[in-house]
Amino acid sequence: MAWGDWETLADADATEAWGAALGRACGNGAVVYLFGDLGAGKTTLCRGLLHGLGHQGNVKSPTYTLVEPYEDIRPRVYHFDLYRLADPEELEFMGIRDYFSGEHLCLVEWPQRGQGLLPSADCEVELQVVGTHRQLRCRACTREGKSIVMRMQQAVRTS
């Protein structure tokens, strides 16, 4: 499916707000791939999503642990950062398939590093730095992803 239009995010607060709306749109679970260079705002978006779903604590990038579980909220969220993944086979050793049950929301930064072992994304989000702000675009990859994007568009129209 095609990418949507680029949206401008003025600052970190706007990125977090977009993430919170995405979390609400994902409902009971989904797989979301996050693309963008270092510093593009992927973890900021995840922080907004998690806080929007009710997580009260800090949100850190799981760069060294590969996955950070958030089991205090519903749906459970598993935040993956595969930037430092040396070999996709490492995902098998950590039991990657157990996380993607369909009942959980899985956020995957740097999914291209786990290619071949990750399930397909329901939707993909790409972030980029443009001057002093960020731009974001989203695309649906599955029927569920299309529903997520439609709910996001509806939320934007009514806000």
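Higher on the page you've got the structure.
Every value quoted in this text rests on a predicted model; they were computed, and no experiment measured them.

Here is what the cut-offs are and how they apply
- Throughout this document, residue positions are counted from 1 along each chain, in the order its sequence is written.
- Side-chain atom pairs in this predicted model are given and counted only at pLDDT of 80 or more, local residue features only at pLDDT of at least 70, and totals for whole chains, interfaces and linings cover all residues.
- Note that water and hydrogens are dropped before the side-chain values are worked out from all heavy atoms of the structure.
- Aromatic contacts are taken between Phe, Tyr and Trp rings whose centres are within 6.5 Å, Trp giving its six-membered ring; a plane angle under 30 degrees counts as stacked, one over 60 as edge-to-face, and the others as tilted.
- Each helix corresponds to a stretch of at least 4 residues labelled H or I by DSSP, and each strand to a stretch of at least 2 residues labelled E; elements are numbered beginning at the N terminus.
- Throughout this description, the term charge over a ring refers to an Arg CZ or Lys NZ atom that lies within 6 Å of the ring centre and within 35 degrees of the ring normal.
- When a residue's accessible area, from a 1.4 Å probe over protein chains only, is under 20% of the maximum for its type it is buried; when over 50% it is exposed; and in between it is partly exposed.
- Any two strands between which DSSP finds at least two bridges are classified as paired.
- A fitted line through C-alpha atoms serves as each axis, taken over the contacting stretch for helices, and the angle formed by two N-to-C directions is quoted from 0 to 180°.
- Contact between two residues is taken to exist if any of their heavy atoms lie within 4.5 Å; hydrogens are not considered.
- Each angle receives one of four descriptions, namely roughly parallel if under 35 degrees, roughly antiparallel if over 145, roughly perpendicular if within 65 to 115, and oblique otherwise.
- The handedness criterion is simple: a crossing whose near helix is rotated anticlockwise from the far helix by less than a right angle is left-handed, and one whose near helix is rotated clockwise is right-handed.
- Salt bridges, as used here, are contacts in which a Lys or Arg side-chain nitrogen is within 4 Å of a carboxyl oxygen on Asp or Glu.

Enumeration over the complete set of coordinates arrives at five aromatic pairs. For the ring pair Tyr33 and Phe35, a centre distance of 6.3 Å and an interplane angle of 80° mean the geometry is edge-to-face. When the centroid spacing of 4.9 Å and the interplanar angle of 55° are considered together, the rings of Tyr83 and Trp110 count as tilted. Pair noted here: Tyr83 is in the loop between strand E4 (77-81) and helix H3 (89-93) and Trp110 is in the loop between strand E5 (105-109) and strand E6 (123-130), with a separation of 27 residues, a long-range link. Seen from the ring of Trp3, Arg137 lies directly overhead, with NZ or CZ sitting 4.7 Å from the centre.

The buried fraction of helix H2 (residues 42-52) amounts to eight of the 11 residues, a majority that puts the element mostly inside the structure. Among the residues of H2, Lys42, Thr43, Thr44, Leu45, Cys46, Gly48, Leu49 and Leu50 are the ones counted as buried. At the C-terminal side of H2, Gly54 shows a positive phi close to 110°.

Here the focus is the sheet that holds strand E7 (residues 133-140). Spatially, seven strands are ordered E1-E7-E6-E2-E5-E4-E3 in an open sheet, and the strand pairing comes out mixed. Pairing within the sheet leaves two strands with one partner each, and these edge strands are strand E1 (7-9) and strand E3 (67-70). Across the sheet, the mean angle from the axis of one strand to that of its neighbour is 20°, orientation sign disregarded. As paired strands, E4 and E5 are joined by five bridges and run parallel to one another. By the bridge assignment for E5, Asp81 is matched with Glu109. Packed on one face of the sheet, helix H1 (residues 12-25) meets E1, strand E2 (30-35), E6 and E7 and runs near 125° to E1. Contacts from H2 reach E2, E3, E4, E5, E6 and E7 within the one sheet, and its direction differs from that of E5 by about 165°.

Turning next to the packing of H1 against H2. Their axes nearest at 6 Å, the elements H1 and H2 cross at an angle of 50°. Here H1 lies oblique to H2, going by the angle between them. Crossing hand, H1 versus H2: right-handed. The segment H1 lies against H2, with Ala12, Thr15, Glu16, Trp18, Gly19, Ala20, Leu22 and Gly23 engaging Thr44, Leu45, Arg47, Gly48, Leu49 and Gly52.

By the definition in use, this model includes five salt bridges. A salt bridge links Glu126 to Arg137; its shortest N-O distance comes to 2.8 Å. You can see Glu126 sitting in strand E6 and its partner Arg137 sitting in strand E7, a full 11 residues away along the chain. A salt bridge links Glu144 to Arg151, with the shortest nitrogen-to-oxygen separation between them at 3.2 Å. Take Glu144: its relative accessible area is 31%, and that puts it in the partly exposed class. Residue Arg151 is classed as partly exposed on the basis of its relative accessible area of 37%.

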